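Remarks on the overall topology
Below, each chain spelled out in residue letters.
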Amino acid sequence: MSALIDEQSAGAARQIQAGTLPAIWQSVMQQGLASWIHTPAATAVWWQHGARGLPLTVSVPGPHGPWTTSAGTMFGAMTVEEASRLPSRLTRASARAAGPALSRIARALDPVVNIGTYATSTYLHESDDPDLIREAAAASRAAWPQHVAVVRSLDAVRTPSTLRALAQDGWVMVPSRQVWYYTPDDPRLRQKRELRHDQRLLDRTTLVRRALVPADANDVV
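Thresholds applied
Residues numbered from 1 in each chain as written. Predicted model: local features only at pLDDT ≥ 70, side-chain atom pairs only at ≥ 80, totals over all residues. Heavy atoms only, no water. Helix = DSSP H or I, 4+ residues; strand = E, 2+ residues; numbered from the N terminus. Contact = heavy atoms within 4.5 Å. Lys, Arg positive; Asp, Glu negative; His and termini not counted. Charge placed at Lys NZ, Arg CZ, Asp CG, Glu CD. Buried < 20%, exposed > 50% of the residue type's maximum accessible area, 1.4 Å probe, protein only.

**Comments concerning the overall build of the chain**
- On a plain count of helices and strands, the chain comes out with nine helices and five strands.
- Taken from N to C terminus, the helices and strands of the chain fall in the order β-α-α-β-β-α-α-α-β-α-β-α-α-α.
- C-alpha extents for the chain along the principal axes are approximately 50 × 50 × 35 Å.
- Once local pairs closer than 6 in sequence are excluded, the contacts in the chain between residues at least 24 apart make up 64%.
- Each charge class in the chain can be summarised by its mean position, and for the 23 positive and 19 negative side chains these summaries are 10 Å apart.

**Quick look at the side chain of H125**
- Among the secondary structure elements, H125 is positioned in the loop between β4 (112-115) and α6 (130-143).
- Judged by relative accessible area, H125 falls into the buried class, the value being 8%.
- Once residues lying within four places of it in the same chain are set aside, the contact partners of H125 are G116, V151, R152, S153, L154, R158 and T159.

**As for unusual backbone geometry**
- Backbone torsion omega between D110 and P111 reads 5 degrees, so that peptide bond is classified as cis.
- One can find P111 in the loop between α5 (89-106) and β4.
- In this structure, A41 is a non-glycine residue whose phi angle is positive, near 55 degrees.
- Following the sequence through the fold, A41 ends up in the loop between α2 (23-31) and β2 (42-49).
- Notably, A119 is not glycine yet its phi reads approximately 60 degrees, a positive angle.
- Looking at where A119 falls in the secondary structure, it is placed in the loop between β4 and α6.

The following block contains the structure:
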């Protein structure tokens with residue numbers, strides 16, 4: 001049996017009581033996606049298929065939410081913002097000039113159903129299971145035929161089977177971010193400009209830093 005369960009519904013309450021929802025998605029389903037991110041312009045849904053399930057964020061036609069829920073924002077305003085941080089002056093100037101037109105074109109992608117992500121910036125998929133994604137996509141198309149189905153945060157290291165299967169199925173592959181995998185003791189890390197920048201921010205912070213302890217687990221969730 002397959003079911004789509006809306007946020008703040010009786011079905012969501014039952015799923016929470018049964019303990020079948022991931023802890024990170026329970027409060028969202030109980031209180032709504034707006035309790036998780038500012039002006040999401042989307043609703044949270046849980047897709048349950050037998051013993052398995054995935055989170056969905058379903059954008060609403062009209063207003064454009066953050067890039068984690070809106071494809072138009074992701075490939076429009078967010079693309080311009082990211083390009084503005086690159087070292088090349090020419091790239092930054094080109095992004096500023098192309099920004100308005102790019103944003104108008106990108107808005108045509110909305111509304112969308114984001115499949116398998118928690119409306120977070122980068123999501124590490126729990127499994128490399130193309131069949132699970134396919135089944136969730138089929139359910140979302142049946143429920144929201146006017147929406148575009150989107151699967152984010154796929155890469156050739158963590159989800160190679162899903163990436164390959166969706167490409168074979170005819171999904172449009174849109175490279176949008178560069179993902180780095182590394183081991184903490186790799187000496188080459190110190191050569192990365194982004195890491196040096198993050199370290200400078202840490203050195204200047206007024207926050208008190210300490211190591212995590214087991215008692216912090218609930219707060220982290």
